[in-house]
Amino acid sequence: MIRLAALLLLAASAARADVLLLNDGREIYGDIASMDAESVSIRVDGRVEKYPRARTLKLKLVRVWGVPGETTPARVSDPVVARALAHPARGEDYPDDGLLVWLSDTDCRIERGGAGSCRRHVVSQVLRERGKAEAANVRVYYLAGAESASILYARALNPGSVSNLDDTSVEDGSENSRYSDYDRLRSLKFAVPDVATGTIVDASWVTNFRVDCATAPFLRQEILRGFEPALTRRFTVSAPEDFALSTASWNMPAAAPAVSRERGRVVMTWTLGPTPSYQNEDSMPPTALFAPSAAAAPARSWTRVAREVSAALAGLRDADPETAALTDRLIAGKVGDEAKVRALYDWVAREIKYVPVSMGSYSWIPKPTAAILSAKDGDALDKPFLLYSMLRRAGLKPQLVYLRAREDTPLAGVPPSLAAFSAAAVRVELGGQARVIAPEEDLRRWDETPGWLQGVQGLVVDGEGLGEIVDSPLSPAAEQGQSLRESLALDADGGLSGDFELRPRGEAESGWRAYKDWKKEDLDAQFAGIAHSIHPNARLVSYSIEGLDDLSRALVVRLRVRIPGYALTASGGYMALRVPWTQQDAGSVGKGKREMPMFWYVRDRSEARARIALPKGYSVYYAPGPLEMSQKDRLFRAGFSRDGASLDYAQTMENDAVEVAPDDYPAYKSFIERAARYGRDWIVLRKD
Amino acid sequence: MRRRWALRAVAALTLVAPALAETVVLRSGAELAGPVSAVDANFVTLADGRRIARAEVREIRLAEKKSSSQATVVDPSAAARGRELFARADAMAARHPGADGVQLVDEGRLEVRADGTWVERDRFAGMILKDGLKDSWGTLSRDFEEGRERVRVIKALVYHRDGSVYSYDPKAVVVSAPQADALFFQDTRTLTLTLPQVEVGSIVEWELETDTYNPFRKDFFFPNWGFQGAQPSYCSRVSVSVPASRRLYYETENFNGPWKSRARPRVTTSAGRTTYAWRLDDIPAIVSEPNMVPYFDYAPSVKFSLIKDWAPIDGWLSQMYVERLKAGPELSAFARALTRGAKTDDQKVAAIYHWIQREVRYIAVKMGAASGWGGFSADTTFKKRYGCCIDKALLFAAMLRAVGIPAEPVLLNPNDEARHEFRVPDIWFSHAITRLKVNGRWIFLDSTGSDYRYPELAAFDHGARALDPLKGGERDIPVPAPEHNLSDYDFRVTIDAAGAARVEFSARYNGAREGELRGEYKSMKDSERRRFMQDWANGVSPSAELISYRLDNLDDLDLPFTLGMTYRLKDYLVAAGDLRLLKLPDFQEEFPEVALARRRYALQYSTSLEKRWRYEVALPAGMTPVSVPRGRLRGPDESFSLDCESKPGKILCRADFSRARRVYPVSDYAAHKRFLDGVAHLMRERIFLKAAGPR
């Protein structure tokens, strides 16, 4: 606290660069010296100018965010900055990188009484042009009403000069202003001036919070390696000795922090460095899943966290009279629990507009059901909570579960805290099976869990089993992907025509269901484009999407197309063609080896069956032989067969894993390449 | 509906109080109501005696009009109104099956007051037919500028078919300071209101008033109105009322077909005011098409002005630009030093052009009208090493002038926004570039980007029309001839007896394409470029092995960017009995922009295009061609040719694609589609070879 106050005092005494905005649009830059009832005086280039107060729109008192007294690089006192200035890194030592992080330091202090602050200090050296934006443009998030953020200083150090940030390139704004009911997340954004290749950018800022804030519980997780190299990344958490902290780390070479005690405080520090940069790869996992990181929160148990939420729901969990009446209406005549669940889910999914604000950006405690129903909108917590309340009213025994999404480190090991969660769902037993139901957008059927909430764990925060950790399992591959049926005819001129029928499942189905919001003419154009993507000569004859407006029904997409000149022709009476829409793509497995696993959110199975009626007078000169490959978690099977005057094709591709480890990647690469090569083969017909 | 675009955000809203208010905004975000009696070096003192440390104050607003949003009383006539609207909506929905919504009321009424300020009232009503509209029609949102504009919600109701009517809660009207995109710093406020009980089948109706009580210039009245939207509309109308002593200038666009007669307004005079009114009925919805021309290039619209010509705008801008173009001693010396080694004017310009792109990063700071349109001085941008388009254009022009090259900034809209019409003046430009005279010729350069080698400029500038405030008048930025937007590919392919292919590929580029590609590759790490190249090769054929690649002059803007790669394609020849099918590597284009059988709107590209492919394919012994593809196609200002010929032991192929035009009107679409579909089809052709025997 003392150290922080000293910094604030230092910052307060920095110089000014004010702006006087006049009603006529002019902007005068200088030092606003005074204002009285009649006029505003501003010092510009050493002389004082006066402007009538009545013609003034506003005064911006611009603060310069420097370190007082450090007006040249020689006067800089920070040892890391001084070292960077004295011995700057050479670009050729980091041939792959845009910048070098000399220091990334996060220092979180919890004080007696519950106030807390996290100070960030980052010193970067720009190595190449593309490193400028990352070094010099900063954005800090905080929750209004519970947290605050402020800049301590920010500057660019070049040979012979120090250029300080000022308010003209600082903006504090709302991240979700469009969703006024959920507008709590703010950001403080700034751009440091005078940054070039070679510049040292030195910036520090602080966020303040309270550890005991029910609506913004403290959990801080810091990632300690990133996509630019770093010499030192450090994360420190300190608290009074009698304040119990819970910590965790992932992918760290040494799991435990360095612990020290000083002046009645416990100080825990994780340090990493030097670390090289990560490189981007196709289908990479989210950074939190592979990067070294550490986290800290006030020590709790999951049981206690759950109890606190449950207690907060005391006056909320029972449906208000209007919600109760609505529930009764919706389930009237429904027999069996599953029918009730479907009826209530379909209503909540469709009728309550989804507000795409995550739990941590607004609140971990839901709104009352009356408020959700009245507004007819809800975020990733309120929509599931409404469903939860309605299911209770309907006589079921649901559980309200808070989940940690797949892009975050797994729940097991995270210090118990409400802030660990990013979404909510309802868990209910149906026919002996526990279902995890998350009514976010209106694009998924009741039994389809969004991909980012599959394969994760959650905490039961209300209902039976309070405090239990439960699983939201990965859906089987057969519940994702698609089935494709093609019924086609080839004519003697090489034209192909016929029908495609696609039955998407899971996440693929939700993608197609988004068309329900399109108007007909736009859909017409879109499907014309889909047909055109099969072949440039393709003409869309007709299309339909069955089940589009009914969340309780699976989608069936049908297209009828005509494709003149589809087959290649060559002299000698040859025609060559491929089965449309069945080729696999090997573009994502170009690399010989990988640093990171490959990652997907869901398992996947896709099948295709095609029947092509052959033109009279032609026989099959060549058709590729069958191919069957299987590896531990995947299968590809494809082959042709003759049936009278038709050629049949069947293909199955199944991927039962959501990750491929780097060691297993070469085998995966061969698998995909072989499947892709099979699709490149041609069926060749020859005129009899 | 009102539409507006500019170098900076616009609009204003305030909440409460008819009189002008003063507000002190603290660094904590809290606001204190004034008035302010004094400001000195250390304190800001309020009239009630409170003193706040100056360091804690961020801003003092002196000219603010705030008003509370009035509650809408749901009077008995609301139910009748609802019934009327439902009847209208049902009739429209029946005429437009499959619509996601129908617009029932779309009205704008603008009034220029005698004191030169103005007020706009907008009314809207629409029935929501699909879920997707619940968000956009269920949320009222309007940007505004504090101290200049005030927005008031006059009315906001939601009607249900059962007769229920829901009014909004004034407490639900929220004014916030939205965070802008990463690179923008501006002082916008937004009024947002989420309407209650919005559902599919409900009708939303609202009325909003925007009072521009403190415009920075009372003659700068430049609203516009677009009549057509994404949903079918029962009626869209706009009226502008001005004091009879003033004249309104207007310009209508795209009043075609049945709307031709509606281009002239109905003009009435009453009580010392003249009102101009336009109205269109039964307007069909806009249907999305790929590569559509921008909205104002096809939708019926009208724009207004109180001034007849561009002189006041030129004068206002020129005054700012003349001042901002003055290069101080440090900047002048720097420009001279930068160009010291240049032997020609081209080299001088190139040195400065490349320096600005590399060294001045893009950050847009817009505090008000002056920085919004006028930017910052060249000296300031030079010192800060950041700026937006106008800042960089001014810096560029100032540096050029310092070394004797005439130059000035010009304002435009990029070609993916509507082509600016100049018959009636306005200030709605969203981009600025530089016009300069080199070797006796005036050319345009855009220093906003990072990767354009002199004399290239970004494709989105091509074909745009620009305002030249310093000299007055419009300037047309030409679309380069296709050979100045060239991608030139060379392939040497060696097929072995096993059917594998070794490919040596090189590419060179010029024009905007070179700049685009340079930027893409520069943004990647070297290891990421290797992965990109490997994926590229794998896209040509699975199990490709990248042997080597090169990216030449990536970081040196003075030299052309070229690239090359060598890769091996295992099992490249596809066997079918004793036939082998050979696809020319990486020879495939798709043209999704011509997917539709017919179009309603013109089709546009960012610029012209030329591509050349040259293949030399060496065949293994014993393999002979059975058939090779060839063809020639022509379209409107475009051509494609593919010629393959067999030589002993090899096949030589060359293909040339050229498109001179940027925009294809509907009348030329069928021919253009036929041409491109034909090109895509030809490019799918294979070379058929016969081997000595089956593999």
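Keep in mind it's a predicted model, so treat the numbers as computed, not measured.

Undergrad: Help me understand the interface of chain B and chain A, please; the structure alone is not making it clear to me.
TA: Counting residues at the interface gives 125 residues for chain B and 121 residues for chain A. The junction of chain B with chain A conceals about 9600 Å² of combined surface from both sides, 47% of it contributed by carbon and sulfur atoms. On the surface where chain B and chain A come into contact, there are 19 salt bridges. One salt bridge connects arginine 350 of chain A with aspartate 131 of chain B, and the closest N-O pair in it is separated by 2.8 Å. At the surface where chain B touches chain A, the tally comes to 77 residue pairs in polar contact (both at pLDDT 80 or more). At nine residues, the largest contribution of residues to the side of chain B that touches chain A is made by helix α10 (residues 526-540) of chain B. When the residues that make up the side of chain B that touches chain A are grouped by side-chain class, the tally is 54 nonpolar, 29 polar and 42 charged. Of the strand pairs in this sheet, strand β5 (residues 56-60) of chain A and strand β6 (residues 57-65) of chain B are connected by three bridges, and their pairing is antiparallel. Opposite lysine 60 of chain A, over in β6 of chain B, you have glutamate 59 of chain B as the bridge partner.

Undergrad: Where do I start with the domain arrangement of chain A in this structure?
TA: For an interface, size is often stated in terms of accessible area lost upon the parts coming together. Residues and elements named next belong to chain A. Split by domain assignment, chain A resolves into domain 1 (2-64), domain 2 (73-296), domain 3 (304-473) and domain 4 (483-687). On a C-alpha basis, the centres of domain 3 and domain 4 stand 37 Å from each other. The interface of domain 3 with domain 4 comprises 17 residues on the first partner and 17 residues on the second. The junction of domain 3 with domain 4 conceals about 1400 Å² of combined surface from both sides, 48% of it contributed by carbon and sulfur atoms.

Undergrad: It is not clear to me how the confidence of the model for chain B should be interpreted in this structure. Could you clarify?
TA: Any residue range with low pLDDT should be treated as having predicted coordinates unsuitable for detailed reading. In the predicted model, chain B carries a mean pLDDT of 93, and the fraction of residues at 70 or more is 95%. For residues 4-18 of chain B, every residue scores under 50 in pLDDT, and the model assigns this stretch 82 contacts once sequence neighbours within four places are set aside.

Undergrad: Would you mind showing me how to read the sheet that holds strand β39 (residues 631-635) of chain B here?
TA: Working definition: the strands of a sheet are paired by backbone hydrogen bonds and lie parallel or antiparallel to each other. Residues and elements named next belong to chain B. The eight strands lie next to each other as β32-β33-β31-β30-β37-β41-β40-β39, forming an open sheet whose pairing is mixed. The open sheet has two edge strands with one neighbour each: β32 (544-552) and β39. Across the sheet, the axes of successive neighbouring strands diverge by a mean angle of 10°, strand direction being ignored. Across nine bridges, strand β30 (residues 486-495) lies against strand β31 (residues 501-509) in antiparallel orientation. Bridging from a neighbouring strand, valine 493 pairs with valine 503 of β31. In the packing of helix α9 (residues 512-522) onto the sheet, contacts are made with β30, β31, β32 and β33 (562-569), and the angle to β31 comes to roughly 115°. Of the strands in this sheet, β31, β32 and β33 touch α10, which is tilted by about 130° from β32.

Undergrad: Hey, could you run me through the domain arrangement of chain B in this one?
TA: Residue and element names in this part refer to chain B. Its domain assignment divides chain B into domain 1 (20-65), domain 2 (77-305), domain 3 (317-478) and domain 4 (483-690). Relative placement of domain 2 and domain 3: their C-alpha centres are 36 Å apart. With 21 residues of domain 2 at the contact, the number on the domain 3 side is 23 residues. For the domain 2 and domain 3 pair, buried surface summed over both sides reaches about 1600 Å², with 62% attributable to carbon and sulfur atoms. On the domain 2 side of the interface with domain 3, the three residues burying the most area are Phe185, Phe222 and Lys303, jointly 30% of the side's total. The interface formed by domain 2 and domain 3 contains three salt bridges. Arginine 423 is paired through a salt bridge with glutamate 251; the nearest N and O atoms lie 3.5 Å apart. At the surface where domain 2 touches domain 3, the tally comes to 11 residue pairs in polar contact (both at pLDDT 80 or more). Looking at the side of domain 2 that touches domain 3 element by element, the count peaks at five residues for strand β18 (residues 249-253).

Undergrad: Please clarify how the sheet that holds strand β23 (residues 399-403) of chain A should be interpreted in this entry.
TA: Residue and element names in this part refer to chain A. Taken in spatial order, the five strands of this open sheet run β25-β24-β23-β26-β27, and their pairing is antiparallel. With partners counted over all chains shown, the strands left at the sheet margins are β25 (433-437) and β27 (469-472), one partner each. The mean inter-strand angle of the sheet, taken between neighbouring strand axes irrespective of direction, is 40°. Pairing analysis gives five bridges linking β23 to strand β24 (residues 423-430), with the strands arranged antiparallel. If you follow leucine 400 over to β24, its bridge partner there is valine 426. Sitting on the sheet, helix α5 (residues 302-312) touches β23, β26 (456-462) and β27, and the angle it makes with β26 is about 50°. Across the sheet, helix α9 (residues 382-393) touches β23, β24, β25 and β26, and the angle it forms with β24 is around 30°.

Undergrad: I would appreciate a short explanation of α10 of chain B in the present structure.
TA: One full turn of an α-helix is made of 3.6 residues, so residues set three or four places apart face in the same direction. Its 15 residues give α10 of chain B an end-to-end C-alpha distance of 21 Å, which sits within 8% of 21 Å, the value for a rise of 1.5 Å per residue. Within the sequence span of α10 of chain B, burial applies to Ser527, Glu528, Arg529, Arg531, Met533, Gln534, Asp535, Ala537, Asn538 and Val540 of chain B. Where α10 of chain B is buried, its residues meet α12 (665-680) of chain A together with α9, β32 and β33 of chain B.

Undergrad: Is there a simple way to think about the packing of aromatic side chains in this case?
TA: Here a ring pair, both rings aromatic, is described through the centre-centre distance and the interplanar angle of the planes. Residue and element names in this part refer to chain B. All chains considered together, the criterion is met by 61 aromatic pairs over all chains. For the ring pair phenylalanine 220 and tryptophan 316, a centre distance of 5.1 Å and an interplane angle of 80° mean the geometry is edge-to-face. Here the residue phenylalanine 220 occupies a position in the loop between β15 (203-212) and β16 (224-226), and tryptophan 316 occupies one in helix α3 (residues 311-324), the gap between them amounting to 96 residues. Neither phenylalanine 220 nor tryptophan 316 differs from the other in exposure class; each is buried. Where tryptophan 373 meets tryptophan 428, the ring centres are 6.2 Å apart and the plane angle is 50°; that geometry is what we call tilted. Of this pair, tryptophan 373 sits in helix α6 (residues 369-374) while tryptophan 428 sits in the loop between β25 (407-412) and β26 (431-438), placing them 55 residues apart in sequence. Put simply, the rings of Tyr489, Phe491, Phe505, Tyr509, Tyr521, Phe532, Trp536, Phe561, Phe587, Trp613 and Tyr615 touch in pairs and so form one group of aromatic residues.

Undergrad: Would you mind going over the packing of helix α6 (residues 321-331) of chain A against α9 of chain A with me for this structure?
TA: Helix packing geometry: the angle between the two helix axes and the distance between the axes. Residue and element names in this part refer to chain A. Running from N to C, α6 and α9 point in directions that differ by 65°, and their axes come no closer than 9 Å. In terms of their interaxial angle, α6 and α9 are classed as roughly perpendicular. Both α6 and α9 take part in a crossing whose hand is right-handed. Here Thr323, Ala324, Leu326, Thr327, Asp328 and Leu330 of α6 come into contact with α9, specifically with Leu386, Met390 and Arg393.

Undergrad: What am I meant to see in the packing of helix α5 (residues 345-359) of chain B against helix α8 (residues 389-402) of chain B here?
TA: Residues and elements named next belong to chain B. At a minimum axis distance of 10 Å, the contact between α5 and α8 shows a crossing angle of 150°. When the axes of α5 and α8 are compared, the pair comes out roughly antiparallel. When the axes of α5 and α8 are compared, the crossing they make is right-handed. The segment α5 lies against α8, with Val349, Ile352, Tyr353, Trp355, Ile356 and Gln357 engaging Lys392, Leu395, Phe396, Met399 and Leu400. Here the contact of α5 with α8 is built from residues that sort into nine nonpolar, one polar and one charged.

Undergrad: Could you clarify how one ought to interpret the side chain of glutamate 49 of chain A in this entry?
TA: Residues and elements named next belong to chain A. Here glutamate 49 is to be found in strand β4 (residues 47-52). A polar contact is formed between the side chain of glutamate 49 and the side chain of arginine 47, at a distance of 2.6 Å. Excluding residues within four positions of it along the chain, glutamate 49 makes contact with Ile28, Val40, Ser41, Ile42 and Val44.

Undergrad: Please explain the confidence of the model for chain A as it appears in this structure.
TA: Mean pLDDT for chain A: 94, with 98% of residues reaching 70 or above. Long-range and interchain partners of residues 1-15 of chain A, a stretch whose pLDDT sits below 50, account for 21 contacts in this model, where long-range means more than four residues apart.

Undergrad: Explain the environment of asparagine 413 of chain B to me, please; I cannot follow it from the model alone.
TA: Residue and element names in this part refer to chain B. The topology assignment puts asparagine 413 in the loop between β25 and β26. For asparagine 413, a relative accessible area of 2% translates into the label buried. Taking C-alpha positions, asparagine 413 is 8.1 Å from alanine 432, a pair spaced 19 residues apart along the chain. At a separation of 3.3 Å, a polar atom in the side chain of asparagine 413 contacts the main-chain carbonyl oxygen of tryptophan 428. At 2.9 Å, the side chain of asparagine 413 forms a polar contact with the backbone nitrogen of serine 430.

Undergrad: Can you walk me through unusual backbone geometry in this structure?
TA: Of all residues except glycine, most have a negative phi; of all peptide bonds, most are trans. Residues and elements named next belong to chain B. Look at the link from glycine 34 to proline 35: it is a cis peptide, with omega at 5°. The topology assignment puts proline 35 in the loop between β2 (31-33) and β3 (36-39). Residues tyrosine 454 and proline 455 are joined by a peptide bond in cis, for which omega reads 5°. Structurally, proline 455 can be placed in the loop between β27 (441-445) and β28 (465-467). Here the phi dihedral of asparagine 254 falls at roughly 60°; this positive angle occurs in a residue that is not glycine. Considering the arrangement of structural elements, one finds asparagine 254 in the loop between β18 and β19 (266-270). According to the relative accessible area criterion, asparagine 254 is buried, its value standing at 17%. The residue asparagine 553 is not glycine, and still its phi comes out positive at about 65°. Residue placement: asparagine 553 occurs in the loop between β32 and β33.

Rules and cut-offs
Residues numbered from 1 in each chain as written. Chains lettered and ligands numbered in written order. Predicted model: local features only at pLDDT ≥ 70, side-chain atom pairs only at ≥ 80, totals over all residues. Heavy atoms only, no water. Contact = heavy atoms within 4.5 Å. Buried area = accessible area lost by both parts, 1.4 Å probe. Salt bridge = Lys/Arg side-chain N within 4 Å of Asp/Glu carboxyl O. Polar contact = N/O pair within 3.5 Å; in protein donor to acceptor, adjacent residues only side chain to side chain. Helix = DSSP H or I, 4+ residues; strand = E, 2+ residues; numbered from the N terminus. Nonpolar A, V, L, I, M, F, W, Y, C, P; charged D, E, K, R; others polar. Pairing = 2+ DSSP bridges. Domains from an automatic or database assignment. pLDDT = per-residue confidence, 0-100. Axes fitted to C-alpha atoms, helices over the stretch in contact; angles between N-to-C directions. Expected span 1.5 Å × (residues − 1). Buried < 20%, exposed > 50% of the residue type's maximum accessible area, 1.4 Å probe, protein only. Phe/Tyr/Trp six-rings, centres within 6.5 Å; stacked < 30°, edge-to-face > 60°. Parallel < 35°, antiparallel > 145°, perpendicular 65-115°, else oblique. Left-handed = near helix turned anticlockwise from the far one by under 90°.

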